[in-house]
Structures are given as structure tokens and as C-alpha cells.
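Structural features, examined
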Amino acid sequence: MSDKKTSNQMWGGRFASGPAAIMEAINASISFDRKLYAQDIRGSIAHSEMLAQTGIISAADQEKIAHGLNTILKEIEAGTFEFSTKLEDIHMNVEARLADLIGPAAGRLHTARSRNDQVAVDLRLWVKDECFRVAEALKGLIRALLDRAEEHAATVMPGFTHMQAAQPVTFGHHCMAYVEMFSRDLSRVRDAIERMDESPLGAAALAGTSFPIDRHQTARALGFREPMRNSLDSVSDRDFALEFLSLAAICATHLSRLAEEIIIWSTPQFGFIRLSDGFSTGSSIMPQKKNPDAAELVRGKTGRVNGHLVGLLTVMKGMPLTYGKDMQEDKESVFDAAETLDLMLAAMTGMVSDMTVNTAAMKKAAGSGHATATDLADWLVRTLGLPFREAHHVTGRAVALAEENKVGLERLSLEDLQSINPGITSDIFSVLAVQNSVKSRTSFGGTAPSEVRKQIRAWKRRIAKA
């Protein structure tokens, strides 16, 4: 059977000839929606089984349909299946090949079904599967961060606000901040799965069907919790795709923040970490260079993921109920964002796992910028009973004196400090040391190594159960 003849049959009797070349080019989606082949075949088998069990088609026809679909699945996976742009999409390509394989029985498969609910269930299944993949990748990244946090629970480093040294923290505590971020991403993925766990199959074009179908059966067969409750919404909803793109964009933003820090930390000016050769490249002209290209690409690809979210939001914003061909634009955005996010997560997990941490450089930098000034103010409040605002003022004078003498706060003499406030005693020096400052931050969620280790233990238990 020729492509032209097949195309005309698929369109129906209204069209005397195939679409013009331009229409064919703009209309066809097989170049990208072929990615849905497994979900399309899975959905068709479930639909045919339901049709047979409800008596809408014969068991013999269903057996032929299932055999033919499984044959097509093997052909696609073996790379021998011939896709045709004249057949528009994955659904028509599969259906045409099924007709070649089993004859007239193939025509019964589309009973009580439309391409509208077919594409909706295919994409929903694909996105749901991808969410499970992202969840596993996130757990892998979280485990890598937990390993580094445990290794460096007591490794001091500067904490920053406005990219200025603020207070000393530990590298373990810093890693745990990203554990919290990526755990929220994991939570969003699971929430999204819960919301998309409804089947649109059986809604037909938009109004349901007069055939006595069992939508609960097909929902169960496809692993959905239940069927969607409104036929109009079933075929027009793309919230699940938008939600996936949204969680992908947020996760990519978190990955980008960590990538930016890796880039900064790996500069000679910081020297906090060193990436392995596996995640770095050299320069074509400067032999001394070791560029953190993997981190830079993670940072750059975030814009790509964000763009897909904005793109699909824009497609959907003016869509009246129910289906419009505009919605064909959902797939490339979702597919590319998923592929990009998978790669970003894998790259970041690799970088976190094998980076070399320069603890000496971190410790040296932790005391810069008078990082224990807040500890001095807290001591004045705690020991001398000063109101915090007065203590803040006294501390500011001490910082000014240290800067005038070009020394750190801990290098000021007792006499220098007493010239600012006579009540200061030698005990003050116990809080001006970076290690003591970090150890003192024992509030829940604080940077004290003891508190960091508590959080690590708690998160390890959570991830083990995830």
C-alpha cells in the first residue's frame, strides 16, 4: 500500500488528495512523538483487552490485535520499523502497520477511542515514567551529597551573604543545604505523580462514547489509580506536562546554583575544591587551564529547561476546551527538558562524588572578613548583659580597630578590646576562634558538627525508605 493511499484512508473520504507538502511538514509529529511508541502500544493493548472483555470486539480479533502490536513493538526496538511522515504521528504509523500485519481486525482497535484521548494517555504515561526516573536520579544525588556531608561535617569554611564572608560554617552543613533543596524536588516529583495518576483513555474525542466501555479497567491495566472524571478535561488537560516542566525548572535552578558554587570554588582564587579530569577540559591555547565545563554546562542548560516551561505555558494560555493542534507542541518541550534534566542530574552526581575538597584552603578562608564578629556580639549579650543593639555597636568598633591594625578580630589584644568596653575579659578569645564559633551553633538546623551529623543520620533514614 502506498504512503499516499494510506494517508488518504487515514484522513477519511472528505479529502480527495493528500495534504500539500507544507501542510504535511507542519502537521507531522512523527519525528519526535515516535518516542511514545512503547506507551502507545501499551495503551492500545489495554484498550483492546477492555473492548474484548466488554463484548465490543471478539476475543479472536483482540488476540490478533495484541499479537500484531507486540510484533510492531519488536520491530521498533530492533530498528526495522519504517516511520512515515505522511502518516503524521506515532498513532497512525502503528495503526497502518497493524493493518498490514493483521488485516481488517486492525480497524476494530480504534472503536470507542480517539487520537485525542490516545495521545493524552500516551504522553501522560511517558511523563509518569520519566518522573520515576527523575526520582531515582535525585535520590542518587542526595546520597552523594550525604556522603560528602558526613565526610566533612566538621570541615570549616566561610558562609556567605552577598558573596561576602559572613559567618563560619562547615562544608558538611553547606552540602546538607542542597540535600534539603533536592529533597523538595523529590517531593515535588512525587506530588506530581500523585496528581497525574489518572487515565484519560476512554474520553474519546471529547464527549465520551456510547459504547459500554470500562474505563476503570483500562486505568488499572495501565497502572493509573483511576480514570479522569470529565471527558472534556481528559483530552484538554496538559497540567501534568506543565507540572513536570515546572518541577524540572525548579530542580534545574537548584542544580545551577550548586554548579555556580562549584565553578567559584574551583578557581585558583578560592581553591576550595578540584574537579576530576572527567568533568573538566583544557584550553586550546592556555596549557595551564583546567575549566569546569561540566558545571558550566549544567548552569547553562538551566535556561533551556526554563524556556520549555515558558514555551508550553504560552501554548496553553489561550486554549479553549477541548483539543487544538497547538497542543502538539507539548511533546518536544517535555522530551527535551526530560533529557536535559536527566543529563544535568547525572553530571552533578558525578561531580559531587569525585571532587577533591581542599580543607586547608576552606579553613584559612573561614576566618577572613572578621567572620566571628557575630560571636563577639553574642558573647557581649550573654556574658555582660548588653542589649544586642549596643553589643552590635561595640562589635562594630572592634571590627574597625582590627581593620585599622590590619589583623583579624582574634588577633586584637585584650587591652585593645577593653579600650572599647572595659567589661570584656580574656574569655572572649574562646568565641573568636573559627572552630569554636562553628561548634557553638547548636540550634536545630545549625552548623555545629554535632547538629550536622544528626541531620545526616535523619536524612539517611529517610532516603533508605524512599
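A brief report on the enclosed structure follows.

Here the amide bond leading from L321 into T322 is cis, since omega sits at 10°, within 30 degrees of zero. Along the chain, T322 turns up in the loop between α12 (293–316) and α13 (330–354). The backbone of H162 shows a phi angle near 55°, a positive value even though the residue is not glycine. Unusually for a residue other than glycine, A204 sits at a positive phi of about 60°. Along the chain, A204 falls in the loop between β3 (198–199) and α9 (215–221).

We now examine the packing of aromatic side chains. Applying the stated criterion across every chain, the model contains 6 aromatic pairs. Ring geometry for W126 and F335: centres 4.8 Å apart, planes at 65°, overall edge-to-face. Of this pair, W126 sits in helix α7 (residues 115–151) while F335 sits in helix α13, and the two are 209 residues apart along the sequence. The exposure class of W126 is buried, given its relative accessible area of 8%. The exposure class of F335 is buried, given its relative accessible area of 5%. For the pair F171 and W265, a centre-to-centre distance of 5.6 Å together with 75° between the ring planes defines the contact as edge-to-face. Here F171 is found in helix α8 (residues 171–196), whereas its partner W265 is found in helix α11 (residues 239–265), with 94 residues between them in sequence. In this structure, F171 and W265 share a single accessibility class: buried. Note that R34 overlies the ring of F83, its terminal NZ or CZ placed 4.2 Å from the centroid.

With that out of the way, let us pick up a nonpolar patch on the surface. On the surface, L206, L232 and L321 cluster together into a nonpolar patch covering about 270 Å² of accessible area. Its place among the elements puts L321 in the loop between α12 and α13. On the accessibility criterion, L321 (64% relative accessible area) is exposed.

Conventions used here
- Residues numbered from 1 in each chain as written.
- Predicted model: local features only at pLDDT ≥ 70, side-chain atom pairs only at ≥ 80, totals over all residues.
- Heavy atoms only, no water.
- Helix = DSSP H or I, 4+ residues; strand = E, 2+ residues; numbered from the N terminus.
- Phe/Tyr/Trp six-rings, centres within 6.5 Å; stacked < 30°, edge-to-face > 60°.
- Buried < 20%, exposed > 50% of the residue type's maximum accessible area, 1.4 Å probe, protein only.
- Lys NZ or Arg CZ within 6 Å of the ring centre and 35° of its normal.
- Patch = residues over 30% accessible without salt bridge, like charges linked within 9 Å, V, L, I, M, F, W, Y side chains within 5 Å.
- Areas by Shrake-Rupley, 256 points an atom, 1.4 Å probe, with all protein chains shown as cover.
- Salt bridge = Lys/Arg side-chain N within 4 Å of Asp/Glu carboxyl O.

Geometric descriptors of this kind do not, in isolation, establish any biological role.
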